[in-house]
Amino acid sequence: AQSVTQLGSHVSVSEGALVLLRCNYSSSVPPYLFWYVQYPNQGLQLLLKYTSAATLVKGINDFEAEFKKSETSFHLTKPSAHMSDAAEYFCAVKEANRDDKIIFGKGTRLHILP
Amino acid sequence: EAGVTQFPSHSVIEKGQTVTLRCDPISGHDNLYWYRRVMGKEIKFLLHFVKESKQDESGMPNNRFLAERTGGTYSTLKVQPAELEDSGVYFCASSQVLGGSTDTQYFGPGTRLTVL
């Protein structure tokens, strides 16, 4: 079975500050891991994905995430927050190399303070 | 290239009525998935088509939900009769099949269903 835990349903950071959104996963098989973002009134957009290649994954808009197997974590970071980063972020897992369903975390809403 | 499209974007219906949601996947994507997010909860898988065949429907909540994908192109999800707890956002996603392993699932904008 697979599951995802996102720590913090709401996170607030100041504009220009570091963004850190935490995600821990559980999987009995090799996982693929994803971060999706949902901007207000829009659909889910893929931010980045880990598919067993490099453990440090770079995504759009200067976001990146590091796969740490020993910690079963896949935290999302961005060096400097921008007002346009305000959105809801979803960490997700699926079994590697299978056409299979994605298991999502509950989401973290990121607020950017001016 | 057009992304995944869903229709309608919003639907408000009375309890007991029927609603049909439509999803058009990205052209050439054989995999099509339906997900749902009930307010305050996580996004949950409903079912998975490969072309016109149901590969996995383990997430379908009950027999009031019927999904079809005739011809392996667009898909419909019918809720009949709708209940209050069916309210939520219904997402569709599609992906290619590459050499036996799946590619990224691309999501549509969702249909927000409100049952009164």
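Residues numbered from 1 in each chain as written. Chains lettered and ligands numbered in written order. Predicted model: local features only at pLDDT ≥ 70, side-chain atom pairs only at ≥ 80, totals over all residues. Heavy atoms only, no water.

Comments concerning the overall build of chain A
For chain A, the count of helices and strands is zero helices and 11 strands. Moving toward the C terminus, one meets the helices and strands of chain A in the order β-β-β-β-β-β-β-β-β-β-β. Relative to the compact-globule value of 13 Å for 114 residues, chain A shows a C-alpha radius of gyration of 13 Å, a close match. In terms of overall dimensions, chain A has C-alpha extents of about 40 × 25 × 20 Å along its principal axes. Counting the 114 residues in chain A, one finds 46% classified as buried. Partitioning the intrachain contacts of chain A with sequence separation of at least 6 by distance along the chain shows that 57% fall at a separation of at least 24. Here chain A has roughly 5,500 Å² of accessible surface; of this, 50% comes from carbon and sulfur atoms. The positive charge centre, built from 11 side chains, and the negative charge centre, built from 10, are 5 Å apart in chain A. (Helix = DSSP H or I, 4+ residues; strand = E, 2+ residues; numbered from the N terminus. Rg over C-alpha atoms; globule rule 2.2 N^0.38 Å. Buried < 20%, exposed > 50% of the residue type's maximum accessible area, 1.4 Å probe, protein only. Contact = heavy atoms within 4.5 Å. Areas by Shrake-Rupley, 256 points an atom, 1.4 Å probe, with all protein chains shown as cover. Lys, Arg positive; Asp, Glu negative; His and termini not counted. Charge placed at Lys NZ, Arg CZ, Asp CG, Glu CD.)

Details of the confidence of the model for chain B
Within chain B, residue pLDDT values average 92, and 94% of them lie at 70 or more. Across chain B, the element-wise mean pLDDT spans from 54 in strand 11 (residues 101-102) of chain B up to 98 in strand 8 (residues 75-79) of chain B. (pLDDT = per-residue confidence, 0-100.)

Some thoughts on the pairing of strand 8 (residues 73-78) of chain A
Residue and element names in this part refer to chain A. Buried residues dominate strand 8, accounting for five of its six residues. Relative to strand 8, strand 3 (residues 19-27) runs antiparallel, the two sharing four bridges. Opposite Leu21, over in strand 8, you have Leu76 as the bridge partner. Here five bridges tie strand 7 (residues 64-68) to strand 8, and the two strands are oriented antiparallel to one another. (Pairing = 2+ DSSP bridges.)

Some details on the nonpolar core
In terms of nonpolar packing, the biggest core is built from 27 residues, with A:Trp35, A:Leu48, A:Phe74, A:Leu76 and A:Tyr89 touching the most fellow members. Elements with a contribution of two residues or more to this core: strand 2 (10-14), strand 3, strand 4 (31-38), strand 5 (44-50), strand 7, strand 8, strand 9 (87-95) and strand 11 (108-113) of chain A. The next biggest cluster of nonpolar side chains, apart from the first, holds 21 residues, and it includes B:Cys23, B:Ala67, B:Val79 and B:Leu113. (Core = buried A, V, L, I, M, F, W, Y, C linked by side-chain atoms within 4.5 Å.)

What about the pairing of strand 4 of chain A?
Residues and elements named next belong to chain A. In terms of burial, strand 4 is largely enclosed, as eight of its eight residues are buried. Of the two faces of strand 4, the one holding Pro31, Leu33, Trp35 and Val37 and the one holding Tyr32, Phe34, Tyr36 and Gln38 are both buried throughout. In this structure, strand 4 lies alongside strand 9, joined through eight bridges in antiparallel fashion. The residue bridging Leu33 from the neighbouring strand is Val93, located in strand 9. Across six bridges, the pairing between strand 4 and strand 5 is antiparallel. Following the sheet pairing, Phe34 is matched in strand 5 by Lys49. Count of turn residues in the strand 4/strand 5 antiparallel hairpin: five residues, of which Asn41 carries a positive phi of about 65°.

Some remarks on the state of the cysteines
Residues and elements named next belong to chain A. Scanning the model with the defined rule gives two disulfides over all chains in all. Covalently, Cys23 is tied to Cys91 through a disulfide, its sulfur atoms 1.9 Å apart. Where Cys23 bonds to Cys91 through sulfur, the torsion about that S-S bond is close to -65°, and the disulfide is left-handed. Residue Cys23 is found in strand 3, and its partner Cys91 is found in strand 9; the two are separated by 68 residues along the sequence. (Disulfide = S-S within 2.5 Å.)

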